[in-house]
Amino acid sequence: MDARTRRWLLLLVALLKGLSPAPAEQGSTATSPRCTYTLVVPQQKLVGAVCWSGAKTTAPRQDSARADELQALQAQLRQQEALIKELREQVAALGATVSEVRALCGEARGAQRQTPHGRTEGSRGDGPAQLEGQLTSALAEAQRAAAQYHQLDAKYRALAELVNDQSTVISKLEQRCPGGPGGQQVLLLPSLSPSGLGGPVGNGSHVSGRPDRELQKEQNRVPGQPQRQQGLLASPLPTGTPGTPTQATGPWRDCLEALKGRQRISGVYQVRLGQKSVPVWCEQQLEGGGWMVIQRRQDGSVNFFTNWQNYKVGFGRPDGEHWLGLETIHLLTQLRDHELLVLLEDWGGRGVHARYDGFSLEPESDHYRLRLGHYRGDAGDSLSWHNDKPFSTVDRDRDSYSGNCALYQRGGWWYHACAHSNLNGVWHLGGHYRSRYQDGVYWAEFRGGAYSLKKVAMLIRPL
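Residues numbered from 1 in each chain as written. Predicted model: local features only at pLDDT ≥ 70, side-chain atom pairs only at ≥ 80, totals over all residues. Heavy atoms only, no water.

*Asks:* How should the overall build of the protein chain be read in this particular structure?
*Replies:* From N to C terminus, the protein chain includes eight helices and 12 strands. A fraction of 63% describes how many contacts in the protein chain between residues 6 or more apart in sequence connect residues 24 or more apart. Here the protein chain has roughly 23,600 Å² of accessible surface; of this, 51% comes from carbon and sulfur atoms. (Helix = DSSP H or I, 4+ residues; strand = E, 2+ residues; numbered from the N terminus. Contact = heavy atoms within 4.5 Å. Areas by Shrake-Rupley, 256 points an atom, 1.4 Å probe, with all protein chains shown as cover.)

Here you go:
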């Protein structure tokens with residue numbers, strides 16, 4: 001045997017030793033499979049919106065877009081599973097090729113032992129050349145199959161995550177939304193990944209993608225606005241020039257004291273708060289009067305996606321969109337027992353209310369924790385779930401969720417994990433909106449989490 005043939009045989013023997021199973025496993029290689037593959041799909045948390053429920057409401061129809069998306073994802077998943085099955089067959093064929101190479105090497109070694117010096121020049125060249133070609137081809141096929149497998153595995157994992165997410169959301173909505181088993185609420189947590197969120201602008205609609213000023217101009221041009229209703233279901237927001245007190249007396253202890261002092265016109269009043277006074281809007285014609293507005297949304301003119309300090313001291317104007325301030329609300333509600341009235345209006349002019357017979361905020365040392373009484377009204381109770389929860393903002397994450405609810409919901413609120421109501425969220429134009437997260441101005445029991453209300457207000461009054 002010449003030196004070239006000897007080198008090839010030594011190379012093949014070394015390769016086959018690397019491919020051979022361990023001695024303890026050689027007895028079982030004939031019956032056990034050569035390769036096994038385990039695909040692990042990580043468990044996913046729920047994402048999306050808050051469902052709403054009600055005893056007298058009818059079940060909303062399933063979002064056809066979400067169902068179509070799920071069907072498309074399931075079809076892609078079936079295609080990927082078929083490709084993986086085909087890839088497994090290719091791997092099995094490659095295993096057979098490797099076995100054939102081993103058999104040929106065994107035959108070459110047997111032939112060498114039988115006729116070590118009698119082989120012709122042609123026979124010495126044909127065996128190693130054939131083995132070299134088959135081995136090179138098998139290695140190339142194995143590399144291609146491995147690369148294809150990794151690509152398919154990555155696609156499979158991504159599709160499996162999406163299908164698991166969509167299937168879980170649809171299943172929970174069908175089971176627990178109104179009309180489903182039990183009629184209970186279910187909180188669908190947002191995705192852990194905050195990628196894709198924009199900056200803290202928070203006022204424009206995500207549907208059109210146009211700047212806020214254009215949206216406001218379009219809103220001002222909308223014809224046929226519903227007329228303001230009277231009574232408790234009236235719009236929580238004044239129209240036109242706000243009213244002013246009939247007398248210049250004050251400041252008052254609160255709006256109820258101003259009402260008792262014959263100040264019966266709704267408008268901006270000065271209220272004493274320690275050594276200083278603060279301007280507040282007093283609603284004197286609604287439900288007996290004496291109500292102080294602590295929050296108002298009506299046109300998206302004020303950015304509510306802001307930091308802790310702004311929520312603490314307050315922002316906006318009392319005769320328009322504003323937040324009175326956590327510290328001010330705390331001081332007012334610690335002096336006397338108060339009740340809370342929440343007024344809501346959708347884009348069709350329908351107004352509802354939620355009333356709580358107790359309302360107060362703990363001091364800043366306890367993160368202005370919410371204390372809430374019993375509910376009554378026709379809006380549905382979407383605030384009691386937040387009772388006893390601290391206030392959270394984008395820079396003070398105090399919620400009970402692993403992520404930052406204020407970032408996902410784009411506001412400040414007594415978030416739990418995350419929200420059944422989000423009255424300080426993004427004011428989306430037109431009601432129904434599309435966004436990466438449920439970040440609109442919503443009250444889950446009234447129109448659901450995917451509907452941004454047109455007008456909302458929160459009012460307090462001493463008991």
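*Asks:* Can you help me understand the pairing of strand S1 (residues 267–273) in this one?
*Replies:* Within a regular strand, side chains alternate between the sheet's two faces. Here S1 runs beside strand S2 (residues 276–283); their pairing, made up of seven bridges, is antiparallel. Residue pairing across strands places Gly267 opposite Cys282, the latter belonging to S2. (Pairing = 2+ DSSP bridges.)

*Asks:* Mind showing me how you'd approach the side chain of Asn422 here?
*Replies:* With respect to the helices, strands and loops of the structure, Asn422 is situated in strand S10 (residues 421–422). Taking relative accessible area as the criterion, Asn422 reaches 0% and is therefore assigned buried. A distance of 3.2 Å separates a polar atom in the side chain of Asn422 from the backbone oxygen of Gln409. (Buried < 20%, exposed > 50% of the residue type's maximum accessible area, 1.4 Å probe, protein only. Polar contact = N/O pair within 3.5 Å; in protein donor to acceptor, adjacent residues only side chain to side chain.)

*Asks:* For this particular structure, what's the right way to read the pattern of salt bridges?
*Replies:* Summed over all chains, the structure comprises 12 salt bridges. In this structure, the salt-bridge partner of Glu321 is Arg297, at a minimum N-O distance of 3.9 Å. Remark: Arg297 occurs in strand S3 (residues 291–297) and Glu321 occurs in the loop between strand S4 (315–316) and strand S5 (322–323); sequence separation between them is 24 residues. The class for Glu321 is buried, based on a relative accessible area of 3%. For Asp319, the salt bridge goes to Arg317, with nearest N and O atoms at 3.3 Å. Taking the relative accessible area as the measure of exposure, Arg317 reaches 57% and is therefore exposed. Each of Glu287, Glu339, Arg355 and Arg461 takes part in a single network of salt bridges with overlapping partners. (Salt bridge = Lys/Arg side-chain N within 4 Å of Asp/Glu carboxyl O.)

*Asks:* What should I look at first to understand the environment of Cys255 in this one?
*Replies:* With respect to the secondary-structure elements, Cys255 resides in helix H5 (residues 255–260). Given a relative accessible area of 1%, Cys255 falls into the buried group. Considering only alpha carbons, one finds Cys255 and Gly289, 34 residues apart in sequence, at a separation of 8.1 Å. For Cys255, the residues in contact, after removing those within four places along its chain, are Val280, Trp281, Cys282, Gln284, Gly290, Trp291 and Met292.

*Asks:* Explain the nonpolar core to me, please; I cannot follow it from the model alone.
*Replies:* Soluble, globular proteins show a tendency: their nonpolar side chains are buried together. Formed by 60 residues in total, the largest nonpolar core has its most connected members in Trp323, Leu340, Leu344, Phe359, Trp414, Leu423 and Trp443. Of the residues forming this core, the biggest block, five residues, is contributed by strand S7 (residues 351–361). Membership of the second largest hydrophobic core comes to eight residues, among which are Trp291, Val293, Leu341 and Leu459. (Core = buried A, V, L, I, M, F, W, Y, C linked by side-chain atoms within 4.5 Å.)

*Asks:* What am I meant to see in the state of the cysteines here?
*Replies:* Each disulfide is one covalent bond, formed between the sulfur atoms of two cysteines. Summed over the entire model, instances satisfying the criterion amount to two disulfides. The disulfide bridge from Cys255 ends at Cys282, spanning 1.9 Å between sulfur atoms. Between Cys255 and Cys282 the disulfide shows an S-S torsion of about -75°. By sign, it is left-handed. A residue pair is termed long-range when its members are at least 10 positions apart, and Cys255 in helix H5 and Cys282 in strand S2 qualify at 27 residues. Look at Cys282 and you get buried, because its relative accessible area is 0%. Going through the protein chain in sequence order and numbering each bonded cysteine, the pairs you get are 1-2, 3-4. (Disulfide = S-S within 2.5 Å.)

*Asks:* Explain the side chain of His386 here, please?
*Replies:* On the secondary structure map, His386 appears in the loop between strand S9 (375–377) and helix H8 (405–409). One polar contact links the side chain of His386 to the main-chain carbonyl oxygen of Trp414, over a distance of 2.7 Å.

*Asks:* Looking at this structure, I do not really get the packing of aromatic side chains. What am I missing?
*Replies:* Geometry of an aromatic ring pair is reported as the spacing of the ring centres plus the angle between the planes. Using the criterion set out here, one finds 14 aromatic pairs in the structure. Arranged with centres 6.3 Å apart and planes meeting at 55°, the rings of Trp323 and Trp414 form a pair that is tilted. Residue Trp323 is found in strand S5, and its partner Trp414 is found in the loop between H8 and S10; the two are separated by 91 residues along the sequence. You'll find Trp323 and Trp414 in the same group, each marked buried. Their ring planes at 45° and their centres at 5.4 Å tell us that Trp347 and Trp427 sit as a pair that is tilted. Placement of Trp347 in the loop between strand S6 (338–345) and S7 and of Trp427 in the loop between S10 and strand S11 (442–443) is noted, with a sequence separation of 80 residues between them. By relative accessible area, Trp427 is classed as buried at 1%. Taken together through their ring pairs, the aromatic side chains of Phe304, Trp308, Tyr311, Phe315, Trp323, Tyr368, Phe391, Trp413 and Trp414 make up a single cluster. Lying across the ring of Trp281, Arg296 places its NZ or CZ 5.0 Å from the centre. A cation over an aromatic ring shows up here: Arg447 above the ring of Tyr451, its NZ or CZ 3.9 Å from the ring centre. (Phe/Tyr/Trp six-rings, centres within 6.5 Å; stacked < 30°, edge-to-face > 60°. Lys NZ or Arg CZ within 6 Å of the ring centre and 35° of its normal.)

*Asks:* What is the right way to look at the environment of Asn307 in this model?
*Replies:* Looking at the element boundaries, Asn307 is found in the loop between S3 and helix H6 (308–313). Relative accessible area serves as the criterion here: at 30%, Asn307 is assigned to the partly exposed category. Counting along the chain gives 88 residues from Asn307 to Asp395, while the straight-line C-alpha distance between them is 6.0 Å. Not counting residues up to four positions away in its chain, the partners in contact with Asn307 are Thr393 and Asp395. There is a polar contact of 3.4 Å between the side chain of Asn307 and the backbone nitrogen of Gln309. Within the structure, Asn307 has its side chain in polar contact with the backbone nitrogen of Asn310 (distance 3.0 Å).

*Asks:* I tried to follow unusual backbone geometry on my own but got confused; where do I start?
*Replies:* Trans is the common state for peptide bonds, and a negative phi is the common state for residues other than glycine. At the junction of Ala417 and Cys418, the peptide bond is cis and its omega measures out at 10° in the coordinates. The topology assignment puts Cys418 in the loop between H8 and S10. Even without a glycine there, the phi angle at Arg262 is positive, about 70°. Take Arg262: it is sitting in the loop between H5 and S1. When its relative accessible area of 58% is taken as the criterion, Arg262 is described as exposed. Its identity as a non-glycine residue notwithstanding, Arg410 has a phi of 55°, on the positive side. Take Arg410: it is sitting in the loop between H8 and S10.

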